[in-house]
Amino acid sequence: MNGDLQKILFDEQEIKNEIGRAAAWLDERFNGKNPVAVCVLKGAAMFFCDLVRAVKTDVQLDFITVSSYGSSTESSGKINILSDLSADVKGRDVILVEDIVDSGNTLFALQNLFLKRGAKSFTSVTLLDKPSRRKTDVCADYSCFEIGDEFIVGYGLDYAQKYRNLPYIAVLKREIYT
Ligand code: PRP
């Protein structure tokens, strides 16, 4: 294990099992439909790739890059769209795929954005949910893991752009980010 880490929270097998459940949930909900699955870069990249390969539903893939944190561990409350979708979501079923819902600002902003653009429906799936940090009254429609107020990295999640490529989700040692 990387020496900056306190402990592994969810290993590769646990993540895989939960992705299988999330994919089954999506397949049941979108049976016979052709939704647009939107990956929120960069954090959701690993989860997105594994999730869309686990679903049987015929999904269109698209990507949006937003930022809220910079290199700090606290949400700024502001959402910046750094790169936008290529698809027109008007009249489409949108599945938003997030790595984590923390303050809820990003999910809230993206839900409003896609509905304003005329999406027929909006469904959100997150790998991790941190309800104790919520500042906005939103929650994902499907969440794989609920976690406490720990600073976690790996499987797409970073601290100052590091640790994203770890294949598991781990708690970062406090001295690394304080
Ligand atoms: C993280 C994460 C979510 C968002 C969640 O993105 O990927 O998109 O923050 O936080 P919130 O609920 O407080 O809005 P970040 O802006 O750190 O960019 P990244 O995905 O490139 O790591």
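To be clear, the structure that these remarks concern was listed above.
Residues numbered from 1 in each chain as written. Predicted model: local features only at pLDDT ≥ 70, side-chain atom pairs only at ≥ 80, totals over all residues. Heavy atoms only, no water.

What follows is about the sheet that holds strand 7 (residues 142–146). Strand order in the open sheet formed by 6 strands is 4-3-2-5-6-7, with mixed pairing between adjacent strands. At either end of the open sheet lies a strand with only one pairing partner, and these are strand 4 (80–83) and strand 7. With direction set aside, neighbouring strand axes in the sheet form an average angle of 25 degrees. As paired strands, strand 3 (residues 60–67) and strand 4 are joined by 3 bridges and run antiparallel to one another. The partner of Val66 across the bridge, within strand 4, is Ile81. On the sheet, helix 1 (residues 12–29) packs against strand 5 (93–101), strand 6 (121–129) and strand 7 and is oriented at approximately 165 degrees with respect to strand 7. (Pairing = 2+ DSSP bridges. Helix = DSSP H or I, 4+ residues; strand = E, 2+ residues; numbered from the N terminus. Axes fitted to C-alpha atoms, helices over the stretch in contact; angles between N-to-C directions. Contact = heavy atoms within 4.5 Å.)

This paragraph deals with the pattern of salt bridges. In total, this model carries 11 salt bridges according to the counting rule given. A salt bridge links Arg117 to Asp84, with the nearest nitrogen and oxygen atoms 2.6 Å apart. With a gap of 33 residues between them, Arg117 in the loop between helix 3 (105–116) and strand 6 and Asp84 in the loop between strand 4 and strand 5 connect regions that are remote in the sequence. On the basis of relative accessible area, Arg117 is assigned to the partly exposed category, the value being 31%. Residues Lys130 and Asp149 are paired through a salt bridge, measuring 3.9 Å at the closest nitrogen-oxygen approach. Of the two residues, Lys130 sits in the loop between strand 6 and strand 7 while Asp149 sits in the loop between strand 7 and strand 8 (152–153), which places them 19 residues apart along the sequence. Classification of Lys130 by relative accessible area gives buried; the value is 5%. Taken together, the shared-partner salt bridges in this structure form one network comprising Asp102, Lys130, Arg133 and Asp149. (Salt bridge = Lys/Arg side-chain N within 4 Å of Asp/Glu carboxyl O. Buried < 20%, exposed > 50% of the residue type's maximum accessible area, 1.4 Å probe, protein only.)

Under the counting rule described, the total for this entry stands at 7 aromatic pairs. Look at Phe10 and Phe145: their rings are 3.8 Å apart centre to centre, the planes differ by 20 degrees, and that puts the pair in the stacked class. Residue Phe10 is found in strand 1 (residues 5–10), and its partner Phe145 is found in strand 7; the two are separated by 135 residues along the sequence. Pair check on accessibility: Phe10 and Phe145 agree, each one buried. By way of ring pairs, the aromatic residues Phe151, Tyr159 and Tyr177 are connected into one cluster. (Phe/Tyr/Trp six-rings, centres within 6.5 Å; stacked < 30°, edge-to-face > 60°.)

On to the state of the cysteines, then. Going through the model one piece at a time under the given rule, you end up with 0 disulfides. Note on Cys49: no disulfide assigned, nearest cysteine sulfur contributed by Cys39 at a separation of 6.6 Å. No disulfide involves Cys144; its sulfur sits 14 Å from the nearest other cysteine sulfur, which is in Cys39. (Disulfide = S-S within 2.5 Å.)

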